[in-house]
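Fold and contact review
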Amino acid sequence: MSDGTAGAAGRRRPRPGRAPWPLAVPAALAAAFLLLPLVGLLVRAPWRSIPSLLTRSDVREALVLSLETATVATAVSTVVGVPLAWVLARQRIPGLALLRALVTLPLVLPPVVGGVALLTVLGRNGIVGRYLDDWFGVTIPFTSAAVVLAEIFVSMPFLVVAVDGALSGADLRYEEAAATLGAGRWMVFRRVSVPMIAPAVASGAVLCWARALGEFGATITFAGNFPGTTQTMPLAVYLALENDPGAAIALSLVLLAVSVAVLVGARSAGRWAAVRAGSAAAAARGR
Amino acid sequence: MTADGPAPRPRPGPAAPTCRPPRPGAPPILPVASGGWPTEEPGAGLDAAVVVERAGFRLDVTLRVAPGETVAVLGPNGAGKTTLLRALAGLVALDSGSVRLGGTVLADAERGVSVPPHGRGVGFVFQDYLLFQHLSALDNVAFGCRARNGLSRRAGRMVARPWLERLGLAEVAGRRPGRLSGGQAQRVALARALAPGPGLLLLDEPLAALDAGTRVDVRAHLRAVLADLAVPSLLVTHDPLDALTLADRVLIVEDGQIAQQGEPVEIARRPRTDYVARLMGLTLYQGVLRGDMVAIDGGGALRVRPSGTVTNGTVTNGTASYDGATNDGATNDAATNDAAGIGEGPAPDGRVLVAARPAAITLHTAMPAAGPEAAVVAARVAGIEPRADGARVALDAEPPVWADLSAAMMAELRLAVGVPVWARISVDALEVYPAARAQDGPR
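All figures in this text were calculated on a predicted structure; none of them were measured in a lab.

1. Re the overall build of chain A
Helices and strands together make up the secondary structure of chain A, namely 13 helices and zero strands. Going from the N terminus to the C terminus, chain A shows its helices and strands as α-α-α-α-α-α-α-α-α-α-α-α-α. Out of the 287 residues in chain A, the part that is buried amounts to 32%.

2. What about the overall build of chain B?
Looking only at helices and strands, chain B features 10 helices and 21 strands. With 443 residues in all, chain B has 48% of them scored as buried. Long-range contacts, defined as pairs at least 24 residues apart, comprise 70% of the intrachain contacts of chain B with a sequence gap of at least 6.

3. Details of the interface of chain A and chain B
Facing 18 residues of chain A, the contacting portion of chain B comprises 21 residues. Those elements that place two or more of their residues in the side of chain A that touches chain B are helix 9 (172-180), helix 10 (185-213) and helix 13 (245-286) of chain A. Residue contributions to the side of chain A that touches chain B peak at six residues, all from helix 9 of chain A. Along the lines of polarity and charge, the residues of the side of chain A that touches chain B split into 12 nonpolar, three polar and three charged.

4. What to know about the confidence of the model for chain B
All names here are of chain B. Here chain B shows a mean pLDDT of 80. Residues at 70 or above account for 80%. Considering only residues more than four positions removed or in separate chains, one finds that residues 308-347, a stretch of pLDDT under 50, has 60 contacts. Low confidence marks residues 438-443, where pLDDT is under 50. Its contacts with residues over four positions away, or in another chain, come to eight contacts. Reported confidence for the predicted complex is 0.75 by ipTM and 0.77 by pTM.

5. Some words on the sheet that holds strand 3 (residues 70-74) of chain B
Residue and element names in this part refer to chain B. Strands sit in the order 7-8-9-3-10-11 across an open sheet of six strands; the sheet is mixed. Whereas interior strands pair on both sides, the edge strands pair on one side only; in this sheet they are strand 7 (122-125) and strand 11 (257-262). Averaged over all pairs of adjacent strands, the angle between strand axes in this sheet comes to 20°, irrespective of strand direction. Where strand 8 (residues 200-204) lies against strand 9 (residues 233-237), four bridges are found, and the strand directions are parallel.

6. Focus on the packing of helix 9 of chain A against helix 10 of chain A
All names here are of chain A. Running from N to C, helix 9 and helix 10 point in directions that differ by 155°, and their axes come no closer than 10 Å. Considering their axes alone, helix 9 and helix 10 lie roughly antiparallel with respect to each other. Along this stretch, helix 9 crosses helix 10, giving a crossing that reads as right-handed. Counting all contacts with helix 9, which are made through Y174, E175, A178 and A179, the residues of helix 10 involved are V188, R191, V192, S193 and M196. When the residues that make up the contact of helix 9 with helix 10 are grouped by side-chain class, the tally is six nonpolar, one polar and two charged.

7. Notes on the environment of A394 of chain B
Residues and elements named next belong to chain B. Here A394 shows up in strand 18 (residues 390-396). Residue class for A394 comes out partly exposed when judged on the 19 C-beta atoms lying within 10 Å of it. Expressed as a C-alpha distance, the spacing of A394 and L229, which sit 165 residues apart in the sequence, is 44 Å.

8. Looking at the pairing of strand 12 (residues 283-290) of chain B
Residues and elements named next belong to chain B. Of the strand pairs in this sheet, strand 12 and strand 15 (residues 350-356) are connected by seven bridges, and their pairing is antiparallel. From the neighbouring strand, L284 faces strand 15, where its bridge partner is A355. As paired elements, strand 12 and strand 13 (residues 293-296) share four bridges and run antiparallel to each other. Paired with L289 across the bridge in strand 13 is V294.

9. Observations regarding the packing of helix 4 (residues 57-90) of chain A against helix 10 of chain A
Residues and elements named next belong to chain A. Running from N to C, helix 4 and helix 10 cross one another at 140°; their axes reach a closest spacing of 9 Å. As far as their axial angle goes, helix 10 and helix 4 are oblique. For the pair helix 4 and helix 10, the sense of crossing is right-handed. Where helix 4 approaches helix 10, its residues S66, A70, T71, A73, T74, S77, T78, V82 and W86 are matched on the opposing element by F189, V201, A205, C208, W209, A212 and L213. Tallied by class, residues from the contact of helix 4 with helix 10 come to 11 nonpolar, five polar and no charged.

10. Details of the environment of R120 of chain B
Structurally, the position occupied by R120 of chain B is in the loop between strand 6 (113-114) and strand 7. Taking the C-alpha atoms as reference, R120 of chain B lies 25 Å from A224 of chain B; in sequence the two are 104 residues apart.

11. Focus on the sheet that holds strand 20 (residues 420-426) of chain B
All names here are of chain B. The strand order 16-20-17-18-19 describes an open sheet built from five strands, whose pairing is antiparallel. The two strands at the open ends of the sheet, each matched to only one other strand, are strand 16 (361-364) and strand 19 (401-406). Strand-to-strand twist across the sheet, computed as the mean angle between neighbouring axes with direction ignored, equals 45°. Alignment of strand 16 against strand 20, held across four bridges, turns out to be antiparallel. Bridge pairing in strand 20 links T362 to R424.

12. So, the nonpolar core
All names here are of chain B. Residues V50, A72, V73, L88, V141, A191 and L202 are the most contacted members of the largest nonpolar core, which totals 93 residues. Once you skip the residues sitting within four places of it in the chain, A72 turns out to touch L235, T237, D242, A243, L246, A247, V250 and L251. Counting residues in each nonpolar core, the second largest holds 40 residues, with L289, L302, A375 and A429 among its members.

13. Quick notes on helix 9 of chain A
Of the residues making up helix 9 of chain A, those classed as buried are E176, A177, A178, A179 and T180 of chain A. Two residues or fewer past helix 9 of chain A, G182 of chain A is found with a positive phi of approximately 100°.

14. Brief notes about helix 2 (residues 21-44) of chain A
Residue and element names in this part refer to chain A. Its 24 residues give helix 2 an end-to-end C-alpha distance of 33 Å, which sits within 8% of 34 Å, the value for a rise of 1.5 Å per residue. The principal kink in helix 2, of about 30°, is found at L35, preceding the proline P37 by one to four residues. Within helix 2, only zero of the 24 residues are buried, leaving the element largely exposed.

15. What about the environment of L84 of chain A?
In this structure, L84 of chain A sits in helix 4. Those residues in contact with L84 of chain A that sit more than four places away from it in its chain are V103 and V160 of chain A.

16. Comments concerning the pairing of strand 18 of chain B
All names here are of chain B. Pairing analysis gives seven bridges linking strand 17 (residues 374-387) to strand 18, with the strands arranged antiparallel. When the sheet's bridge partners are listed, R387 is paired in strand 18 with G390. By the bridge criterion, six bridges tie strand 18 to strand 19 in an arrangement that is antiparallel. Paired with V393 across the strands is A403, a residue of strand 19. Count of turn residues in the strand 18/strand 19 antiparallel hairpin: four residues.

What counts as what
Residues numbered from 1 in each chain as written. Chains lettered and ligands numbered in written order. Predicted model: local features only at pLDDT ≥ 70, side-chain atom pairs only at ≥ 80, totals over all residues. Helix = DSSP H or I, 4+ residues; strand = E, 2+ residues; numbered from the N terminus. Buried ≥ 20, exposed ≤ 12 C-beta atoms within 10 Å, placed from the backbone. Contact = placed C-beta atoms within 7 Å. Nonpolar A, V, L, I, M, F, W, Y, C, P; charged D, E, K, R; others polar. pLDDT = per-residue confidence, 0-100. Pairing = 2+ DSSP bridges. Axes fitted to C-alpha atoms, helices over the stretch in contact; angles between N-to-C directions. Parallel < 35°, antiparallel > 145°, perpendicular 65-115°, else oblique. Left-handed = near helix turned anticlockwise from the far one by under 90°. Core = buried A, V, L, I, M, F, W, Y, C linked by C-beta atoms within 7 Å. Expected span 1.5 Å × (residues − 1). Bend = angle between axes of the 7 residues up to and from the residue.

In structure tokens form, the structure reads like this:
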């Protein structure tokens with residue numbers, strides 16, 4: 001670190017010095033704790049059997065079901081979650097603060113509780129489900145639709161929180177400028193607000209999708225564990241662990257790969273957007 | 001396009017704004033002469049009484065702006081200038097009063113009418129441009145046409161492109177705002193406000209965010225656009241130069257009230273408040289005129305050119321009635337007595353304002369001859385503020401005096417704080433006018 005000055009000659013920001021040990025040691029522990037399990041997965045993975053595992057129909061079904069339900073859940077969350085975030089950020093209605101707190105409750109609620117709660121509403125004897133059954137003959141629990149609903153319940157708050165924050169932080173005067181140009185509120189939202197918050201919507205959707213993909217507790221409670229219809233990858237992993245630990249590890253690796261791919265994709269997309277915005281800002285300042 | 005029959009409700013916008021390209025060969029609309037209000041025609045122009053109340057603040061401004069007229073709104077920070085524009089645009093609700101544009105009621109607090117901003121057909125140019133970052137310069141300009149007139153993307157661009165060309169922006173049409181310079185961005189913002197054919201143009205400090213060089217350029221564009229504009233426009237600024245060069249009329253707003261209004265020349269020569277005087281580089285005194293002397297309120301007196309109708313010919317000259325005493329008190333007693341003595345005659349008199357030009361005031365180390373055309377005041381240097389080409393010297397005297405000296409004079413006089421000097425205040429350095437507003441300027 002003593003030769004830092006030579007390297008820092010052309011740099012404006014001073015390089016921070018070596019971390020003091022009361023910070024360095026816990027930091028190393030934390031990093032090890034987060035990384036070692038992943039290493040464990042890689043070490044213990046039955047690499048040979050993975051190809052055959054992936055061609056097994058039940059595994060393929062679980063994987064496809066997971067991807068499909070997570071995607072549908074994310075789409076639905078976006079379509080209704082962005083308007084909800086707009087209302088939370090922009091409306092002045094009494095009780096809105098309470099609503100905001102309740103809407104984000106699923107973030108901290110144990111997912112199993114969420115599943116039970118969904119059953120009380122949409123279960124065959126639930127307060128809404130009863131009528132769906134009586135009048136339309138529609139039963140939701142233990143179907144793929146139930147999987148989607150469970151995932152929406154636990155994951156939509158991620159998107160709402162992200163978009164709410166972006167809308168609250170956005171400069172309202174752009175919307176005023178649009179209004180003076182003759183754009184009504186809906187057009188202002190569509191053509192000015194949405195482009196402004198697009199990065200937040202995207203990152204919120206990625207979080208939402210990742211959370212939906214990993215959803216376990218609410219799904220198994222509300223949708224059960226039926227291969228082909230409600231058995232998603234996390235459920236398959238859990239089930240496999242009881243009679244075929246190797247398969248469980250392999251399936252976990254698949255989920256890990258999907259998650260890493262999404263994370264990397266979102267990161268690079270985000271960096272691309274940041275670079276574009278940053279260069280734009282730099283250009284605006286420079287000239 | 002909608003049929004332009006009798007507009008039933010103020011839904012589509014009062015002035016029925018239509019997107020149109022700029023008129024390239026059209027003769028510039030002549031700015032309506034001062035007074036601004038050519039006829040009693042109620043249908044034309046902006047007619048507004050704006051009252052907006054906030055905690056500890058009240059904006060109460062009544063104004064009329066004729067078609068083609070540009071009114072500059074000048075005032076210190078927090079005076080309510082921007083609030084005034086926002087109220088006219090419908091971005092702030094009126095607590096009382098009304099806004100009429102071209103005979104259409106845009107807002108009337110008593111009747112509970114308020115056309116929303118998007119229905120007003122008012123163009124707004126913001127200090128920091130507020131261009132939509134996700135749209136190219138061309139699409140920014142086309143935005144209003146697409147929003148207000150429902151034009152297709154292509155039709156909107158066809159209207160927008162001539163506007164960019166008119167403002168010298170053809171080559172940056174495809175750029176995003178982030179890749180425009182400040183001057184370009186503000187010109188795009190101007191084109192964006194003009195393209196939908198607004199019935200009123202509001203400019204909120206359009207040049208404030210620009211550096212000096214760019215400002216000259218954008219100001220020239222702005223002047224050309226305003227000269228050609230057939231609708232009323234309001235230009236908020238705190239730069240007197242903008243107000244004096246771009247506007248047909250200037251409105252001074254202080255503490256939410258109109259402090260003064262008039263033609264630029266009038267404002268520049270006869271400020272009514274300290275704020276305006278400072279802006280124009282003048283020193284303002286209040287006092288009582290008797291004959292050719294004004295007894296200044298805080299003490300002291302100034303010799304002025306006898307104004308208007310009256311002069312009592314007997315006042316031959318008071319040849320610096322100050323006896324060379326360095327004692328300030330004595331000097332001023334003498335001056336006051338002198339003024340009182342002269343003031344026997346009938347008065348054009350009464351309360352007046354005196355605006356002094358610091359550049360026309362000279363300082364001397366030896367007592368100069370006053371002559372009939374000047375007063376000489378004993379003073380002490382209270383402060384020296386360096387300027388580009390010399391310095392402004394604040395003098396402790398009765399009345400307090402400010403003098404602008406060239407660098408050469410500064411060197412010659414070797415002034416320092418505390419040094420006693422003589423200030424010679426020529427009558428030519430002073431503009432004297434009644435304190436009471438005859439009529440509140442053109443309304």
